[in-house]
Amino acid sequence: MYTYRSEVLWVSSKWFSDKVNDEDVAKLDELINQRAREGWELVTYDYMATSVQVRGAFLITFRREQ
């Protein structure tokens with residue numbers, strides 16, 4: 001059986017663009033690697049743009065065995 005953990009990682013302002021930049025990717029990598037050191041495994045992630053695409057976020061789900 002697994003325990004799941006979901007997190008939202010806000011990224012830089014988008015100003016009408018849904019593109020991520022290198023800093024956003026580095027933040028995502030940093031979070032994934034930190035959680036891996038804590039024993040969490042990445043299950044899925046998705047980029048979520050806001051309705052006006054001013055700011056976006058990654059929704060990230062991890063799991064680990066109980």
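Residues numbered from 1 in each chain as written. Predicted model: local features only at pLDDT ≥ 70, side-chain atom pairs only at ≥ 80, totals over all residues. Heavy atoms only, no water.

**Overview of the pattern of salt bridges**
Link 1 in the chain: Considering all chains together, one arrives at five salt bridges under this definition.
Link 2 in the chain: The salt bridge involving Glu7 is made with Arg35; its shortest N-O contact spans 2.6 Å. Placement of Glu7 in strand 1 (residues 2–13) and of Arg35 in helix 1 (residues 22–37) is noted, with a sequence separation of 28 residues between them.
Link 3 in the chain: Here Arg35 ties to Glu38 by a salt bridge, and the two come within 3.2 Å at their closest N and O atoms.
Link 4 in the chain: Exposure remark for Glu38: the relative accessible area of 33% places this residue in the partly exposed category.
Link 5 in the chain: Each of Arg5, Glu7, Arg35 and Glu38 takes part in a single network of salt bridges with overlapping partners. (Salt bridge = Lys/Arg side-chain N within 4 Å of Asp/Glu carboxyl O. Helix = DSSP H or I, 4+ residues; strand = E, 2+ residues; numbered from the N terminus. Buried < 20%, exposed > 50% of the residue type's maximum accessible area, 1.4 Å probe, protein only.)

**Structural notes on the packing of aromatic side chains**
Link 1 in the chain: Summed over the entire model, instances satisfying the criterion amount to three aromatic pairs.
Link 2 in the chain: Note on Tyr45 and Phe58: the rings are 6.0 Å apart at their centroids and 65° apart in plane angle, and the pair reads as edge-to-face. Taken together, the positions of Tyr45 in strand 2 (residues 41–49) and Phe58 in strand 3 (residues 55–65) put the pair 13 residues apart, joining distant regions of the chain.
Link 3 in the chain: In this structure Tyr45 comes out as partly exposed when scored by relative accessible area, which is 44%.
Link 4 in the chain: Each member of the aromatic cluster is reached from another via a ring pair, and the members are Tyr45, Tyr47 and Phe58. (Phe/Tyr/Trp six-rings, centres within 6.5 Å; stacked < 30°, edge-to-face > 60°.)

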